[in-house]
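Fold and contact review
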Amino acid sequence: MNKLSTHRMLTTVILFTFILQACTISLFDNPLNPGGSTPIAPDVIASPTPQVMAQTNFMVTLPEPLQPNETLAIAVMDEVTGLSLNASQYPMNPRDTITYTAVLPLPYNSVVKYRYVRHSASQVLEDTNSGAAIRYRMQYVAGPSDVQDIIADWGDKSYARPTGKIEGHVFNADTGSALPNILVTAGGVQTLTDSTGRFELEGLPTGTQNLLAYSLDGMYQTFQQGASIAAGSTTPVDLRVKPSQLTNVTFMVSVPPTTVPGVPVRIAGNLLQLGNTFADLQGGVSTIADRMPIMSLQADGRYATTLGLPVGAHIQYKYTLGDGFWNAEYGANGQWNLREFVVSAQEITIQDNVVSWAAGDTSPILFEVTVPPVTPPGDIIYIQLNTFGWMEPIPMWPLGNNRWAYKLYSPLNILGSFSYRYCRNGQCGSADDGDTAGSAPSGRQAGTSILGQDIQDTVNTWKWFENPEPVTLVGTAITPRPGGFLTGVEFQSSYRPNWSYYAPQAFANTQALGANNAVLTPSWTYTSSSPLQFAPVPGQDPLWIDSAIMISQARALGLNVSIFPTPKFAVSSSTFWMNAPRDAQWWLTWFTHYRAFAINYADLAAQTGAQTLILGGDWVSPALPNGKLPDGNPSNALADIDIQWKSVIADVRTHFKGQILWALPYTKSNLETPLNFLQDVDGIYLLWSASLSSNPDATKTDFSNEAGRLLDNEVAPLAAVLGKPLILAVEYPSTTSAANGCISDGLDGCHDWASLNQPYTNTLSESLSLQTQADIYEAMLIAVNSRSWISGFVSRGYYLPAALQDLSTSIHSKPAADILWYWYPRLTGVVK
């Protein structure tokens, strides 16, 4: 990536960092801008002019004729409100038994999202050839046009048909540099490009497909062309997209007089910087409040904000006191009001008026809640509502003195009775009100009325944070290490789109422990083992820009950053490996995908200034020399697999000049198996969860002695042979049996520690013991203190968004964190 593209990426990072800054507003204060009102754009003061429409003829081929009682419709999607919540459906007319058409007037230069729907006794959506749901197809409306589509499958039927795939890259048309994070779609199949601009679209029906490349933040112009798909073949395509310039757009809005004074008004929209996650979130929504820009209250009672938006971008937006669904604006017709315009090159001010926050004759409900005094002072309380299932939580408004409020205006006209609950930092299902904890609680009950309501609640305890108490520290003689000793915290690879909002506080907590390194674990997801599909999934994996923002936030606090790419699996890693074909061709494909994964994060590290890249991990064990499957059988890995790994490491070094570590799980067999490629890395990141004792009466001294014995007898020989730094990455849960190093699965195996992570489903019979975790940490640090050949210590599994004293391996606000707070600055010599 050249300097111009790097500059564009940094500009975007700065923009998103600004939007994601936490903001709390008192319900009864007027949060005027410190410098007065938002400046009005100097050139033009106007609202968007009515859009010119282009007649677009959609023609679709079905896999088989419809039944006599069935009809077909095209649904134009509203991703701002929610894909399943506000679609507009238009009937299609038959041309023959399997060909249907519809002509729709669509705005010029808009990007339309749509999909096909079959109506019979129920509504059936189309899906892909592999059975995956189609979120939507996309069409760029440059003018009057004909669109030809092919439906591969229906949600209730599957068809055997020939397919092919598209492979290619997306480049900046002006500079030739590769572009990550571009959404590429054809035939309803979607993927995101990696750092080399690479993408794959599998399982496309044969014929001509509309191929479209779309920038999630609008920073590049939309590109589309036809792509011919042949059976069993790969269509190679390189796309070149033009960068867009930014122009200032000022939004100025008048709100209804019934609006509670001073509450935050947000803009929900279809771009990334307007809160769109491009993911299927809880309850069918895609936008979340935490990622939306917050407007400023002006002296005249209006709200305003100025945003830099890309010229030519098609913007759909609405004003809201919640998200795109809850408390979003309504028009004079009583329907959700979705506004749209195309950004012009000229700076403008858009002057809008919100007619109403409500629809129908139901009256708003005011929720007021008092939370426990132990609630961390930086936490934000959220309310989560249940209609079609639990929806995305909404931030409440602080009143002070542990009291919070939220006034619900809409859409009460469609609710009747409903459930709700409270949680901390948006982590409902994890950081819950003790009375409504878990993934599927019944919740508190409420109902709509034509009369206004004021519901007053009290949260008596927070689940997993009932009565937090610090540990009693005992002074220990600690030998300061030479410069360069790593003291770190590794964050969980779990992810939700609002985690970026809470990352700055998590990094500040890390720094306060005396840590000098934040280990981030961004992910892609394996959605299929055959055909092999491995790419980031929005909502489950952090987008490129999300990872870049978190790295910049950590570095701004003086922390070094290590990137440890860690995959997710559609079911589990064990199922993935057991179901994979694992023949020679599959293994070559697997290495091609892992190489792309590693290079993607090598490029991210290089462009954001991260110091270290960590490859490997416990999940790659079947892909190592003498690899074994989870059931203990040989994995049938390639005979030259050591050479494959050496090649991956060599390719990564061409993209990243920093330190490369290999994450090696501690087991005796792993330490004894020769891995020649370890000579090519700069050090070992030893994943340590070793059994320290099975005796329930074992003491801290027993733990330390056993750790020392294992380190001396089994780890030190490897460190001596390699002659490279060894970082001890420690992970133990807060359970009574943590020192066993295993939670038995009843089949001579162990459950993954991650099964204790939030949201925890309480399926394991484990008892909470914060003290056991703290004792193990202190024992491990005592063992490290007397072994100068160990070059660093990392605590693994930190839960980023909220303090929880749960069963997991996270140390966030647990006594084990106090142990690190004492040890880390003394190991590094900051405290003598």
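Residues numbered from 1 in each chain as written. Predicted model: local features only at pLDDT ≥ 70, side-chain atom pairs only at ≥ 80, totals over all residues. Heavy atoms only, no water.

1. Considerations on the overall build of the protein
Along its length, the protein carries 10 helices and 43 strands. A compact globule built from 832 residues would reach a C-alpha radius of gyration of about 28 Å, and the protein, at 28 Å, matches this within 12%. Reported as C-alpha extents along the three principal axes, the dimensions of the protein are approximately 75 × 65 × 55 Å. For the protein, the proportion of its 832 residues judged to be buried stands at 59%. Looking at the protein alone, contacts between residues at least 24 apart form 77% of all its contacts between residues at least 6 apart. Both charge centroids of the protein, one from 44 positive and one from 66 negative side chains, sit 5 Å from each other. (Helix = DSSP H or I, 4+ residues; strand = E, 2+ residues; numbered from the N terminus. Rg over C-alpha atoms; globule rule 2.2 N^0.38 Å. Buried < 20%, exposed > 50% of the residue type's maximum accessible area, 1.4 Å probe, protein only. Contact = heavy atoms within 4.5 Å. Lys, Arg positive; Asp, Glu negative; His and termini not counted. Charge placed at Lys NZ, Arg CZ, Asp CG, Glu CD.)

2. Focus on the packing of aromatic side chains
With the rule as written, the count across this model stands at 51 aromatic pairs. Between Trp524 and Phe597 the ring centres are 5.2 Å apart and the planes differ by 55 degrees, which places this aromatic pair in the tilted class. Of this pair, Trp524 sits in the loop between strand 34 (517–520) and strand 35 (525–529) while Phe597 sits in helix 5 (residues 584–608), and the two are 73 residues apart along the sequence. Overall, the relative accessible area of 0% leaves Phe597 in the buried class. Here Trp590 and Trp645 contribute two aromatic rings whose centre-to-centre distance is 6.0 Å and whose plane-to-plane angle is 75 degrees, an arrangement assigned as edge-to-face. Here the residue Trp590 occupies a position in helix 5, and Trp645 occupies one in helix 6 (residues 641–653), the gap between them amounting to 55 residues. Across from the ring centre of Trp154, 5.3 Å away, lies the NZ or CZ of Arg118, which sits over that ring. For Arg826, the ring lying beneath its charged end belongs to Tyr822, and the centroid distance is 4.0 Å. (Phe/Tyr/Trp six-rings, centres within 6.5 Å; stacked < 30°, edge-to-face > 60°. Lys NZ or Arg CZ within 6 Å of the ring centre and 35° of its normal.)

3. Section: the sheet that holds strand 16 (residues 223–229)
Read across the sheet, 4 strands follow the order 13-12-15-16 without closing on themselves; strand pairing throughout is antiparallel. Each edge of the open sheet carries a strand with a single partner, namely strand 13 (189–192) and strand 16. Looking at each pair of strands side by side, their axes are set apart by 20 degrees on average, direction ignored. Pairing of strand 15 (residues 207–215) with strand 16, which is carried by 7 bridges, proceeds in the antiparallel orientation. In the sheet register, Thr208 faces strand 16, and the bridge partner there is Ser228. (Pairing = 2+ DSSP bridges. Axes fitted to C-alpha atoms, helices over the stretch in contact; angles between N-to-C directions.)

4. Digging into the pattern of salt bridges
Applying the stated criterion to the full structure yields 33 salt bridges. Put simply, Asp280 and Arg135 hold a salt bridge, and the shortest N to O gap is 2.9 Å. On the criterion of sequence distance, the pair formed by Asp280 in the loop between strand 19 (266–269) and strand 20 (296–297) and Arg135 in the loop between strand 7 (123–127) and strand 8 (137–140) is long-range, its members being 145 residues apart. According to the relative accessible area criterion, Asp280 is exposed, its value standing at 58%. According to the relative accessible area criterion, Arg135 is buried, its value standing at 12%. When the shortest N-O distance is used, the salt bridge between Glu731 and Arg796 registers 3.2 Å. (Salt bridge = Lys/Arg side-chain N within 4 Å of Asp/Glu carboxyl O.)

5. Description of the side chain of Ser177
On the secondary structure map, Ser177 appears in the loop between strand 11 (163–172) and strand 12 (182–186). Judged by relative accessible area, Ser177 falls into the buried class, the value being 8%. Polar side-chain contacts of Ser177 include one of 2.9 Å to the side chain of Thr175. (Polar contact = N/O pair within 3.5 Å; in protein donor to acceptor, adjacent residues only side chain to side chain.)

6. Quick notes on the state of the cysteines
Evaluation of the coordinates by the stated rule reveals 1 disulfide. Here Cys423 is linked by a disulfide to Cys428, with a sulfur-sulfur distance of 2.0 Å. As the torsion about the S-S bond is roughly -75 degrees, the Cys423-Cys428 disulfide counts as left-handed. (Disulfide = S-S within 2.5 Å.)

7. Section: unusual backbone geometry
Between Ser410 and Pro411 the backbone carries a cis peptide bond, its omega angle lying at 0 degrees. Inspection of the secondary structure puts Pro411 in the loop between strand 29 (403–408) and strand 30 (417–424). The step from Ser530 to Pro531 runs through a cis peptide bond, and the omega angle for that step is 0 degrees. Relative to the helices and strands, Pro531 is located in the loop between strand 35 and strand 36 (532–535). We note that Asn327 has phi near 60 degrees; this positive angle belongs to a residue other than glycine. Counting through the fold element by element, Asn327 comes out in the loop between strand 22 (314–320) and strand 23 (339–342). Owing to a relative accessible area of 0%, Asn327 belongs among the buried residues under this scheme. In this structure, Arg582 takes a positive phi of about 60 degrees despite not being glycine. Within the secondary structure layout, Arg582 lies in the loop between helix 4 (573–579) and helix 5.

8. A few points about the pairing of strand 33 (residues 486–491)
Counted residue by residue, strand 33 has 6 buried out of 6 residues, so it is predominantly covered. Here strand 33 shows no split at all, with Leu486, Gly488 and Glu490 on one side and Thr487, Val489 and Phe491 on the other all buried. Where strand 33 and strand 43 (residues 792–798) come together, 5 bridges link them in parallel fashion. Looking at the pairing, Val489 lines up with Ser795 of strand 43.

9. What to know about the sheet that holds strand 32 (residues 453–458)
Reading across the sheet, the 4 strands line up as 28-29-25-32 and stay open at both edges, with mixed pairing between neighbours. The strands lining the two open edges of the sheet, one partner per strand, are strand 28 (397–400) and strand 32. Neighbour-to-neighbour, the strand axes of the sheet open up by a mean angle of 25 degrees, direction not taken into account. As paired elements, strand 28 and strand 29 share 3 bridges and run antiparallel to each other. Bridge assignment links Trp397 to a residue of strand 29, and that residue is Ala405.

10. Some words on the nonpolar core
The nonpolar side chains of soluble globular proteins are, as a tendency, buried together. One finds Phe251, Trp590, Trp645, Trp662 and Trp688 to be the most contacted residues of the largest nonpolar core, which totals 204 residues. Sorting elements by how many residues they give to this core places helix 5 first, with 13 residues. In contact with Phe251, other than residues within four places in its own chain, are Ile267, Met295, Tyr303, Ala304, Thr305, Leu307, Leu309, Tyr317, Tyr319, Phe341 and Ile350. Val60, Tyr100, Tyr114 and Val124 belong to the second-largest nonpolar core, a separate cluster that totals 22 residues. (Core = buried A, V, L, I, M, F, W, Y, C linked by side-chain atoms within 4.5 Å.)

11. Overview of the packing of helix 3 (residues 544–556) against helix 5
Helix-helix packing: each pair is described by the crossing angle between the helix axes and the interaxial distance. Closest axis-to-axis distance for the helix 3/helix 5 pair is 10 Å, and the angle between their directions is 40 degrees. Taken together, helix 3 and helix 5 sit at an angle that is classed as oblique. Note that helix 3 runs across helix 5; the crossing there is right-handed. Residues Trp544, Ser547, Ala548, Ile551 and Arg555 of helix 3 pack against Asn600, Asp603, Leu604, Gln607 and Thr608 of helix 5. Across the contact of helix 3 with helix 5, the residue classes tally to 4 nonpolar, 4 polar and 2 charged. (Parallel < 35°, antiparallel > 145°, perpendicular 65-115°, else oblique. Left-handed = near helix turned anticlockwise from the far one by under 90°. Nonpolar A, V, L, I, M, F, W, Y, C, P; charged D, E, K, R; others polar.)

12. Structural notes on the environment of Ala477
Relative to the helices and strands, Ala477 is located in the loop between strand 32 and strand 33. Linking Ala477 and Thr525, residues 48 residues apart in sequence, is a C-alpha distance of 45 Å.

13. Brief notes about the environment of Trp688
Relative to the assigned elements, Trp688 resides in strand 41 (residues 683–688). In this structure, the C-alpha to C-alpha distance between Trp688 and Thr667, residues 21 residues apart in sequence, is 8.6 Å. When residues no more than four places from it in sequence are discounted, the contact partners of Trp688 are Tyr666, Ala707, Leu710, Leu711, Val715, Leu728, Ala729, Val730, Glu731, Tyr732 and Met780.

14. Brief notes about helix 2 (residues 499–512)
Given a rise of 1.5 Å per residue, 14 residues ought to cover 20 Å, and the 20 Å separating the end C-alpha atoms of helix 2 matches this to within 8%. The principal kink in helix 2, of about 25 degrees, is found at Gln505. Among all positions of helix 2, only Trp499, Ser500, Tyr501, Tyr502, Ala503, Ala506, Phe507 and Thr510 are buried. Directly beyond the C-terminal end of helix 2, a positive phi value near 90 degrees is found at Gly514. (Expected span 1.5 Å × (residues − 1). Bend = angle between axes of the 7 residues up to and from the residue.)

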